[in-house]
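In case you want the letters, here they are:
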Amino acid sequence: MNSMTQDAVAQPPMTEKTVVMDCKLDKIFYGNFMAVRDSHVPIEKNKITGFIGPSGCGKSTVLRSLNRMNDLVEGFRFDGHVHFLGQDVYGKGVDPVVVRRYIGMVFQQPNPFAMSIFDNVAFGLRLNRYKGDIGDRVKGALQGAALWEEVKDKLKVSGQALSGGQQQRLCIARAIATEPEVLLMDEPCSALDPIATRRVEELMVELKQKFTIALVTHNMQQAIRVADTTAFFSVDISEGTRTGYLVEMGPTDQIFGEPREKLTREYINGEFS
Amino acid sequence: MNARVLAPVAVPSLQHKMEGRSLFSVALSGLAWVCALLASVPLLSVLYLLITRGGARLSMEVLTELPPAGFEMGGGFGNALAGTFVMVGIAALIAIPVGIMAAIFLAELGPSSKMANIARFSAKTLTGLPSILAGVFAYAIVVLTTGTYSAPAGGVALAVLMLPIVVLTAEEAIKMVPKIMKDAAYGMGCTRSQVIWKVILPTGLPAILTGVMLAVARAAGETAPLLFTALFSNYWLYQDGKLDLMNPTASLAVLIYNFSGMPFENQIELAWAASLVLVLIVLVINVVSRYFGRQKF
Ligand SMILES: Nc1ncnc2c1ncn2[C@@H]1O[C@H](COP(=O)(O)OP(=O)(O)O)[C@@H](O)[C@H]1O
Ligand SMILES: [Mg+2]
């Protein structure tokens, strides 16, 4: 951490900011197509960092690059670095499988496995050969995902028999059961109704006490409601391509209250989408 | 404010009307219904025939006793029933693991590789293979090298017939597993083989089992490939306290083929009863496979 010097004392007291993931995305390619360029996104610990921007600007691409999910896409290439716990996720010898165990993911479409509620949540624990009491951890994770009360009497029922909102909370429980450092959530509410959406939003705010969350959303109101920091991405359509890039990033109040960039102001005023 | 009275307007009738168009469609559905009925006539009439001709003879005795010789009365086809189970079992032991592994390769590992295209083409061709050629193949590979007709030779012949069905249905089953489910598994930190074993196969299992069952049902009823691989036998495989598979082996299908051409009333009755048993086995397998197939993910 920062070594304390004399002039540090003279500075106004600064709230401690710990960046868990320092993501410098110089260039992200799918084959010859450059999807994202020149975006530097630090993600702070125990905060919700929101990613907003018009569709196709590369929000999902950025998010899936952070835990190397994009390695599964043929032709994917990444220039830059993602520093996480003092290591570069893209460093030499780093195993993407291990990265994904520390950086969990919740997807747009709820995707529980075709197995019981219990086995869904226990999945990651078994994968990591967890030695402790799996039942306790499953219960804890379901409580953490605000789902325990609804499912405690039917843990053996298939996870796919739940409602959409419950399925999404089950997926969150599955992701947090292994206590990852960071949770990446890609439009986790876009398939949910407004009531289920509110529940998941409340849940995210609770979860940030234990986890760090990166949240992609197409819903600006959602970013205002839950994100501490917001990153606004846009697409550059010059030269016949469409490459996404970070326009501006800052505290959510500032981004929506007094954006520095003209493009941000136009976007939040709904002048384009 | 003065209310204006709306002029009465002709309200279009929303009732169903018999026009030429809908008359034609009714006729068409009627025709389709009749065709569907026709399609089920063969199975129903075969069942009717088998029950009336073979049902009377069906008893514990015919299921457990050895086939009678020429003018003998009584007897049964216990050894043929056992032989069918053993040979279909051997075929399943070969075709199911090989078929599912091949399907994993075709669907997941190298779907567009040259090897996959060759394998897929071979499997499709093999489904249309005259079943007697599977017998020729097993005759050359097993009978000639071991020097005897045997249950394993019959099993290999049946496996050749089962393999393409297992491969093609399992490939479809694996492809049906939604991508978002695989994403979830990778996102949890699964390696590729963990994704296959822990998520893709369990999710696709009901559909894979359906294919396996269809393949088993097909193999159980085959006669031609067994004629010169397992041949036939009037004795049990298990004899004098030991099981010897390397001998000619009886099967229901070949028993039916042999006995139905004989001039003896007793043998002909047994052929009818054996046919009924065989059809019932195939029917049960199909019903079970429908049950598996109904479980959705
Ligand atoms: N797997 C892929 N292969 C090729 N191009 C892709 C792939 N995924 C996304 N893209 C492209 O990258 C760009 C950004 O997509 P995406 O990250 O999904 O945007 P967003 O999530 O902001 O809507 C789009 O132009 C899209 O067509
Ligand atoms: Mg997206």
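What counts, and where the lines are drawn
Residues numbered from 1 in each chain as written. Chains lettered and ligands numbered in written order. Predicted model: local features only at pLDDT ≥ 70, side-chain atom pairs only at ≥ 80, totals over all residues. Heavy atoms only, no water. Salt bridge = Lys/Arg side-chain N within 4 Å of Asp/Glu carboxyl O. Helix = DSSP H or I, 4+ residues; strand = E, 2+ residues; numbered from the N terminus. Buried < 20%, exposed > 50% of the residue type's maximum accessible area, 1.4 Å probe, protein only. Contact = heavy atoms within 4.5 Å. Polar contact = N/O pair within 3.5 Å; in protein donor to acceptor, adjacent residues only side chain to side chain. Buried area = accessible area lost by both parts, 1.4 Å probe. Core = buried A, V, L, I, M, F, W, Y, C linked by side-chain atoms within 4.5 Å. Expected span 1.5 Å × (residues − 1). Arc of directions from axis to C-beta.

A short note on the pattern of salt bridges
Residue and element names in this part refer to chain A.
Consideration 1: With the rule as written, the count across this model stands at 24 salt bridges over all chains.
Consideration 2: Between D119 and R126 there is a salt bridge, with its nearest N and O atoms 2.9 Å apart.
Consideration 3: Linking R225 and E201 is a salt bridge whose minimum nitrogen-to-oxygen distance equals 2.7 Å. Within this pair, whereas R225 is found in helix α9 (residues 220-226), its partner E201 is found in helix α8 (residues 194-207), the two being separated by 24 residues in sequence.
Consideration 4: Classification of R225 by relative accessible area gives partly exposed; the value is 36%.

Regarding the environment of H218 of chain A
Residues and elements named next belong to chain A.
Consideration 1: Relative to the helices and strands, H218 is located in the loop between β8 (212-216) and α9.
Consideration 2: Here the alpha-carbon distance between H218 and D186, two residues 32 residues apart in the chain, equals 9.6 Å.
Consideration 3: Aside from chain neighbours lying at most four places away, what touches H218 is E187 and S190.
Consideration 4: Side chain to side chain, H218 and E187 meet in a polar contact 2.9 Å long.

Digging into the interface of chain A and chain B
Consideration 1: Contact with chain A, which involves 20 residues of that partner, is made by 17 residues of chain B.
Consideration 2: Summed over both partners, the interface of chain A with chain B buries about 1600 Å², with 71% contributed by carbon and sulfur atoms.
Consideration 3: On the chain A side of the interface with chain B, the three residues burying the most area are F113, F123 and L127 of chain A, jointly 28% of the side's total.
Consideration 4: At the boundary of chain A and chain B, one finds one salt bridge.
Consideration 5: With a closest N to O distance of 3.9 Å, D183 of chain B and R64 of chain A form a salt bridge.

Considering the nonpolar core
Consideration 1: With 98 residues, the main nonpolar core has M21, L25, V41, F51 and V82 of chain A together with F77 and L252 of chain B as its most contacted residues.
Consideration 2: Broken down by element, the residue count for this core peaks at 13 residues, all from helix α8 (residues 192-220) of chain B.
Consideration 3: By size, the runner-up hydrophobic cluster in this structure holds 36 residues, among which are I117, V121, V200 and L207 of chain A.

Structural notes on the side chain of T229 of chain A
Consideration 1: Residue position: T229 of chain A is located in strand β9 (residues 229-236).
Consideration 2: Not counting residues up to four positions away in its chain, the partners in contact with T229 of chain A are E44, I48, T49, G50, M249, G250, P251 and T252 of chain A.

Some words on α8 of chain A
Residues and elements named next belong to chain A.
Consideration 1: If you check α8, its first and last C-alpha atoms are 20 Å apart, about what 14 residues at 1.5 Å a residue would give, namely 20 Å.
Consideration 2: Considered for burial, the residues of α8 that qualify are A196, T197, V200, E201, L203, M204 and L207. Seen along its axis, α8 keeps its buried residues to an arc of 160 degrees; they face one direction. Away from the buried face of α8 by more than 90 degrees, exposed residues P194, I195, E202 and E206 are located.
Consideration 3: Of the surrounding elements, those touching the buried residues of α8 are β3 (48-52), α5 (134-144), α7 (164-176), β7 (182-186), β8 and α9.
Consideration 4: You can read the cap of α8 off the contacts: a side-chain oxygen lies 3.0 Å from the backbone nitrogen of I195, and it is on D193.

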